[in-house]
Amino acid sequence: MSAVLEFRRAGPADAATVRELTRKSYAKWCAVIGREPLPMTADYDHAVRSHVIDLAYLDGRLVGLVEMIPRADDLLIENVCVDPDGQGGGIGRKLVAHAEAETRRRGHAVIRLYTNKLFAANLGFYVAQGYEVEREEAFKGGTIVHFHKILT
């Protein structure tokens, strides 16, 4: 994808939009884990006020978002989602790169994220972006894989 994504910070009025895109993007994982993934059930009225959520637009159309939680020593990517119609076109890579730039802008050298171990495509995607497994932990009958990346 050679088109440039335009980013806009989400605010309280965007909670329903964030919820809708997230539910649409994560729906494919319900059958894999036998339940709705946590991002599908999150409180986005709260998240748009307490997290950093950047909406990504391509030619004026919302195509993805990245939700980040600034912490003392790093930035945690809480949620990356791409509209199913745009998946596989490089938007996810640009969302992660955007979060990495935000991490640097905040003066941190480490970014972290996590995903379900059964989301094999996600595991491979993050490894391909230079993320390393930090640890695994049991969660709701499954396993969460925590990743980190040292930014240079």
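Keep in mind that this is a model prediction, so the values were computed, not measured.

Another aspect to go through is the nonpolar core. Core analysis: the biggest nonpolar cluster contains 23 residues, and I77 and Y131 have the highest contact counts within it. Elements represented by at least two residues in this core include exactly β2 (52–58), β3 (61–70), β4 (75–82), α5 (91–105), β5 (110–116), α6 (120–128) and β7 (142–150). In contact with I77, other than residues within four places in its own chain, are V66, E67, A99, I111, R112, L113, Y114 and Y131. Grouped together as the second largest cluster of nonpolar side chains are 18 residues, V18, Y44, Y57 and L62 included.

With that out of the way, let us pick up the pattern of salt bridges. Evaluated as defined, the whole model comprises 14 salt bridges. E136 is the salt-bridge partner of K117, the closest N and O atoms lying 3.0 Å from each other. In this pair, K117 sits in the loop between β5 and α6 while E136 sits in strand β6 (residues 132–139), placing the two residues 19 residues apart along the sequence. Residue class for K117 comes out partly exposed when judged on its relative accessible area of 40%. The exposure class of E136 is partly exposed, given its relative accessible area of 42%. Through salt bridges with shared partners, a single network forms among R9, D54, E102, R105 and R106.

Moving on, we come to the sheet that holds β6. Judged by pairing direction, the sheet is mixed, and its 7 strands sit side by side in the order β1-β2-β3-β4-β5-β7-β6 without closing on themselves. At either end of the open sheet lies a strand with only one pairing partner, and these are β1 (6–9) and β6. Neighbour-to-neighbour, the strand axes of this sheet turn through a mean angle of 25 degrees, independent of strand direction. Taken together, the 7 bridges between β5 and β7 define a ladder with antiparallel strand orientation. Looking across to β7, one finds that L113 is bridged to F147. Its contacts with the sheet place helix α1 (residues 15–26) against β2, β3 and β4, and it is angled at close to 70 degrees to β4. Packed onto the sheet, α6 meets β4, β5 and β7 and runs at close to 165 degrees relative to β5.

Conventions adopted
Residues numbered from 1 in each chain as written. Predicted model: local features only at pLDDT ≥ 70, side-chain atom pairs only at ≥ 80, totals over all residues. Heavy atoms only, no water. Core = buried A, V, L, I, M, F, W, Y, C linked by side-chain atoms within 4.5 Å. Buried < 20%, exposed > 50% of the residue type's maximum accessible area, 1.4 Å probe, protein only. Helix = DSSP H or I, 4+ residues; strand = E, 2+ residues; numbered from the N terminus. Contact = heavy atoms within 4.5 Å. Salt bridge = Lys/Arg side-chain N within 4 Å of Asp/Glu carboxyl O. Pairing = 2+ DSSP bridges. Axes fitted to C-alpha atoms, helices over the stretch in contact; angles between N-to-C directions.

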